[in-house]
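Architecture and fold: a report
For reference, the chains in residue letters:
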Amino acid sequence: MSKQYDVAVVGATGAVGQEMLKILRQRKFPVGKVYALASARSVGEELDFGADELYVEDLAGFDFSKVQIGLFSPGASVSAEYAPKAAAAGCVVIDNTSQFRYDPDVPLVVPEVNAHAIAGYTKRGIIANPNCSTIQMLVALKPILDAVGIERINVATYQSVSGTGKEAIEELADTSARALSGQDFESKVYPKQIAFNCLPHIDTFQPNGYTKEEMKMVWETHKIFEDDSIQVNPTAVRVPVFYGHSEALHIETREKISADRARELLAAAPGIKVMDEHVDGGYPTAVTEGAHHDEVFVGRIREDISHPRGLDLWVVSDNIRKGAALNSVQIAECLIAEYL
């Protein structure tokens with residue numbers, strides 16, 4: 001019998017936590033005992049885990065010495081309090097929040113890109129999961145980076161409301177229905193109407209005029225690619241889509257690469273599915289390809305007519321799966337394969 005690992009899913013009642021439970025089953029992760037943890041108000045709730053029902057337990061009173069792996073997605077402030085406690089008890093924490101991403105002694109990992117960094121988990125007992133928009137961008141860029149290098153990344157994101165949470169999903173559904181029926185409505189989650197609209201604003205504004213979501217893509221790219229010289233210029237936009245983020249990428253490489261060669265490299269890379277035909281619908285979209293799938297989809301691959309070493313890509317992925325839950329489980333798979 002292969003070795004099994006006891007796992008705690010922290011924030012188990014949230015969208016990402018429930019997706020983590022689903023993916024553990026789908027990928028046949030060698031789980032022994034699974035504990036679903038959340039705040040006191042959720043204690044006793046039942047969560048589906050295949051043939052079993054998991055009863056939610058109180059995070060505050062949980063003994064993390066009972067598990068080897070903790071998949072955390074409870075919010076940054078909760079992770080700040082409980083992840084170090086779990087690590088001190090011998091549990092390796094894979095944290096999906098922003099709390100530890102920029103700590104120099106905490107690995108920030110996308111398995112298709114920098115799985116080797118997982119080895120650094122021993123310093124703190126914590127591994128950080130990057131921001132969803134960064135994950136899909138770097139999965140798509142890694143084969144090009146390795147082949148010809150990258151000098152500059154100019155990216156515009158088109159991010160779904162599920163990245164904000166359950167209340168945002170409900171707001172989009174409700175305000176869309178009201179707008180279509182001519183009823184009045186009020187936006188509560190977002191500062192402006194999200195139904196049938198695009199908001200060039202995700203997270204808080206920073207002193208330099210960029211938002212925190214945009215700066216995350218800068219900081220995380222430098223850390224994961226281990227190269228601070230790569231210039232990153234992001235614009236993050238919230239769009240009226242329920243699940244799946246899209247990105248328009250315009251990059252400048254260190255050496256010239258043709259669109260055909262880039263297409264070949266991407267098609268051969270792990271975690272990527274190329275969908276790039278010059279016909280109507282011959283490209284991926286958030287709704288038809290990205291949502292509820294594991295792959296990072298890449299299309300509209302073409303040489304930039306405005307720059308001699310420019311390349312353009314359209315990148316789509318499910319922000320809840322690959323952008324959060326799946327990436328965390330993949331890190332856990334690498335961890336048990338190589339280090340535990």
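Residues numbered from 1 in each chain as written. Predicted model: local features only at pLDDT ≥ 70, side-chain atom pairs only at ≥ 80, totals over all residues. Heavy atoms only, no water.

Here's the deal with the sheet that holds strand E2 (residues 31-38)
- In space, the six strands of this open sheet follow the order E5-E2-E1-E6-E7-E8, with parallel pairing throughout. Strands at the two margins of the open sheet, each flanked by one partner only, are strand E5 (57-58) and strand E8 (126-128).
- Relative to E8, strand E7 (residues 92-95) runs parallel, the two sharing three bridges. Looking across to E8, one finds that aspartate 95 is bridged to alanine 128.
- The strands that helix H9 (residues 321-338) touches are strand E1 (5-10), strand E6 (69-72), E7 and E8; relative to E6, the one it contacts most, it runs at about 165 degrees. (Pairing = 2+ DSSP bridges. Helix = DSSP H or I, 4+ residues; strand = E, 2+ residues; numbered from the N terminus. Contact = heavy atoms within 4.5 Å. Axes fitted to C-alpha atoms, helices over the stretch in contact; angles between N-to-C directions.)

Quick word on the layout of surface pockets
- Considered as a void within the structure, the second largest pocket measures approximately 160 Å³ in volume.
- Together, Glu167, Glu170, Glu171, Asp174, Thr175, Arg178, Phe185, Glu186, Lys188 and Val189 line the second largest pocket.
- Split into classes, the residues belonging to the lining of the second largest pocket amount to two nonpolar, one polar and seven charged. (1 Å grid on protein atoms, 1.4 Å probe; cavity = no way out; pocket = protein on both sides within 12 Å on 5 of 7 lines; lining within 4 Å. Points joined across faces, edges and corners; volume = space filled by probe spheres on them. Nonpolar A, V, L, I, M, F, W, Y, C, P; charged D, E, K, R; others polar.)

Some words on the nonpolar core
- In terms of nonpolar packing, the biggest core is built from 56 residues, with Phe64, Leu141, Ile153, Val298 and Leu313 touching the most fellow members.
- Among the elements that take part in this core, helix H4 (residues 132-148) stands out by supplying nine residues, more than any other.
- Discounting chain neighbours no more than four positions away, the residues touching leucine 141 are Ile150, Ile153, Phe225, Leu249, Ile251 and Leu313.
- Listed in part, the 36 residues of the second largest apolar core include Phe49, Leu54, Ile69 and Ala325. (Core = buried A, V, L, I, M, F, W, Y, C linked by side-chain atoms within 4.5 Å. Buried < 20%, exposed > 50% of the residue type's maximum accessible area, 1.4 Å probe, protein only.)

Concerning H9
- The largest bend along H9 measures about 40 degrees and falls at asparagine 327.
- Taken across its 18 residues, H9 has 14 buried, putting it largely inside the fold. (Bend = angle between axes of the 7 residues up to and from the residue.)

Structural notes on the pairing of strand E4 (residues 52-55)
- By the bridge criterion, four bridges tie strand E3 (residues 46-49) to E4 in an arrangement that is antiparallel. Among the inter-strand pairings, leucine 47 is bridged to a residue of E4, identified as leucine 54.
- Linking two consecutive strands that pair antiparallel, namely E3 and E4, is a turn of two residues; a positive phi of about 65 degrees is found at glycine 50 within it.

Side note on the sheet that holds strand E10 (residues 231-238)
- Pairing is mixed in the open sheet, where six strands are placed in the order E10-E9-E11-E14-E13-E12. Because the sheet does not close on itself, it has two edges, and the strands there are E10 and strand E12 (272-274). When the angles between neighbouring strand axes are averaged without regard to direction, this sheet yields 20 degrees.
- Relative to E10, strand E9 (residues 150-159) is paired through eight bridges, and the arrangement is parallel. Residue pairing for E10: isoleucine 153 is matched across the bridge by valine 232.
- Where H4 meets the sheet, it contacts E9, strand E11 (245-253), E12, strand E13 (296-303) and strand E14 (310-317), and its direction lies at approximately 30 degrees from that of E11.

Looking at the state of the cysteines
- Summed over the entire model, instances satisfying the criterion amount to zero disulfides.
- In this structure cysteine 91 is not part of a disulfide, and its nearest cysteine sulfur, from cysteine 334, lies 17 Å away. (Disulfide = S-S within 2.5 Å.)

Looking at the packing of helix H1 (residues 15-26) against H9
- Running from amino to carboxyl end, H1 crosses H9 at an angle of 50 degrees, the nearest separation of the two axes being 9 Å. Overall, the two elements H1 and H9 adopt an arrangement that is oblique. For the crossing formed where H1 meets H9, the hand is right-handed. Facing H1, whose interface residues are Val16, Glu19, Met20, Lys22, Ile23, Leu24 and Gln26, H9 presents Arg321, Ala324, Ala325, Leu326, Ser328 and Val329. (Parallel < 35°, antiparallel > 145°, perpendicular 65-115°, else oblique. Left-handed = near helix turned anticlockwise from the far one by under 90°.)

Thoughts on H1
- Given a rise of 1.5 Å per residue, twelve residues ought to cover 16 Å, and the 16 Å separating the end C-alpha atoms of H1 matches this to within 8%.
- Considered for burial, the residues of H1 that qualify are Val16, Gly17, Glu19, Met20, Leu21, Ile23 and Leu24.
- Its buried side turned inward, H1 meets E1, E2, E3, E4, E6 and H9.
- Lysine 28 occupies a position one or two residues after H1 and carries a positive phi of about 55 degrees. (Expected span 1.5 Å × (residues − 1).)

With respect to unusual backbone geometry
- Unusually for a residue other than glycine, phenylalanine 196 sits at a positive phi of about 55 degrees.
- Within the fold, phenylalanine 196 resides in the loop between helix H5 (166-180) and helix H6 (212-225).
- Of note in the backbone geometry, arginine 300 takes a positive phi value of approximately 50 degrees without being a glycine.
- In this fold, arginine 300 is placed in strand E13.

Focus on the pattern of salt bridges
- In total, this model carries 22 salt bridges according to the counting rule given.
- The shortest N-O distance in the salt bridge between arginine 124 and aspartate 105 comes to 2.7 Å. In this pair, arginine 124 sits in the loop between helix H3 (111-114) and E8 while aspartate 105 sits in the loop between E7 and H3, placing the two residues 19 residues apart along the sequence.
- Residue classification places arginine 124 among the partly exposed positions, given a relative accessible area of 29%.
- Between arginine 302 and aspartate 312 there is a salt bridge, with its nearest N and O atoms 3.9 Å apart. In this pair, arginine 302 sits in strand E13 while aspartate 312 sits in strand E14, placing the two residues ten residues apart along the sequence. (Salt bridge = Lys/Arg side-chain N within 4 Å of Asp/Glu carboxyl O.)

Describing the packing of H4 against H9
- Here H4 crosses H9 at 85 degrees, and the two axes come no closer than 8 Å. One way to sum up the angle between H4 and H9 is to call them roughly perpendicular. Of the residues in H9, those in contact with Cys132, Ile135 and Val139 of H4 are Lys322, Gly323 and Asn327.
- Tallied by class, residues from the contact of H4 with H9 come to three nonpolar, two polar and one charged.

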